[in-house]
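Coordinate inspection notes
The chain contents come next:
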Amino acid sequence: YSSAASDVNKRQFVLRDIENKKLFYDSKTILQEIVQGRHLALAYQLVKETGPDHCKSFEVAAMINGKKIAVGTGRTKKKAEQSAAYQAILKFRKS
C-alpha cells in the first residue's frame, strides 16, 4: 500500500513540477491570456540595466493598465520579462 501511495505522490510532484516549469517558461503567453480575458492592457517596461556588456542584468516591470504589477530580473530582457510575468501570475492566483 505505501509503495502505491508513494508512487502516486511522486507522480503528482512530477506533474506539479512540469506545470510550474511550463508556467515559468510560458509566463508571458499565459499572462497575456489572463489580461486579455479581463480586457486590460499589458506592457513591459525596462526599469534598470546594470553591469558590463558581457555580464548584463535587466530589471523589467510588468505593467497592467499603466500600473506596475510585478518586477522580474534576468540576464536578458526576455528572461526578465518572463520573470516579471511569472510574478504577476502568482499575484493573480492569490487574488
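Whatever comes next refers back to the structure up there.
Values in this document were obtained by computation on a predicted structure and should not be read as measured data.

Criteria and cut-off values
Position labels on residues start from 1 in each chain and follow its written sequence. Whole-chain, interface and lining totals are the exception, using all residues; otherwise, since this is a predicted model, local features are given only for residues with pLDDT of at least 70 and side-chain atom pairs are given and counted only at 80 or more. No hydrogens and no water enter the side-chain calculation; it runs on all heavy atoms of the structure. Paired strands are those between which DSSP finds at least two bridges. The numbering of helices and of strands both runs from the N terminus, where a helix is a DSSP run of H or I of at least 4 residues and a strand a run of E of at least 2. All axes are obtained by fitting lines to C-alpha atoms, using only the stretch in contact for helices, and the reported angles, taken between N-to-C directions, cover 0 to 180 degrees. Only heavy atoms matter for contacts: two residues are in contact if any of them lie within 4.5 Å across the pair. Burial classes: relative accessible area under 20% of the type maximum marks a residue as buried, over 50% as exposed, and values in between as partly exposed (1.4 Å probe, protein chains only). Throughout this description, the term salt bridge denotes a Lys or Arg side-chain nitrogen within 4 Å of a carboxyl oxygen of Asp or Glu.

Consecutive residues of a regular strand have side chains that alternate between opposite faces of the sheet. One ladder, built from eight bridges, connects strand S1 (residues 42-50) with strand S2 (residues 57-64); its direction is antiparallel. Bridge pairing in S2 links glutamine 45 to alanine 61. Here S1 folds back onto S2, and the loop between the two strands holds six residues, one of which, glycine 51, carries a positive phi near 95 degrees.

Pairing is antiparallel in the open sheet, where three strands are placed in the order S1-S2-S3. Where the open sheet ends on each side, the last strands, each with one partner, are S1 and strand S3 (67-74). Within this sheet the neighbouring strands show an average axis-to-axis angle of 25 degrees, counted without direction. In this fold helix H3 (residues 77-94) packs onto S1, S2 and S3, with an angle of close to 135 degrees to the strand it touches most, S3.

This part takes up the pairing of S2. Most of S2 sits inside the fold, with six of its eight residues counted as buried. What sits between S2 and S3 in their antiparallel hairpin is a turn of two residues, with asparagine 65 showing a positive phi close to 50 degrees.

Where charged atoms from two side chains of opposite charge come close, those side chains can pair. Under the criterion given, the structure shown has three salt bridges. For glutamate 81, the salt bridge is made with lysine 28, and the minimal N-O distance between the two is 2.6 Å. On the criterion of sequence distance, the pair formed by glutamate 81 in helix H3 and lysine 28 in helix H2 (residues 27-37) is long-range, its members being 53 residues apart. The exposure class of lysine 28 is partly exposed, given its relative accessible area of 25%. A salt bridge links glutamate 49 to lysine 56; the shortest N-O distance between them is 3.4 Å. By sharing partners, the salt bridges in this structure join Glu49, Asp53 and Lys56 into a single network.

Before going further, it helps to examine unusual backbone geometry. It is generally the case that most residues other than glycine have a negative phi and that most peptide bonds are trans. Positive phi is not limited to glycine here, since histidine 39 has a value of about 55 degrees. Judged by relative accessible area, histidine 39 falls into the exposed class, the value being 72%. With a phi angle near 50 degrees, asparagine 65 is a residue other than glycine that sits in the positive phi range. Structurally, the position occupied by asparagine 65 is in the loop between S2 and S3.

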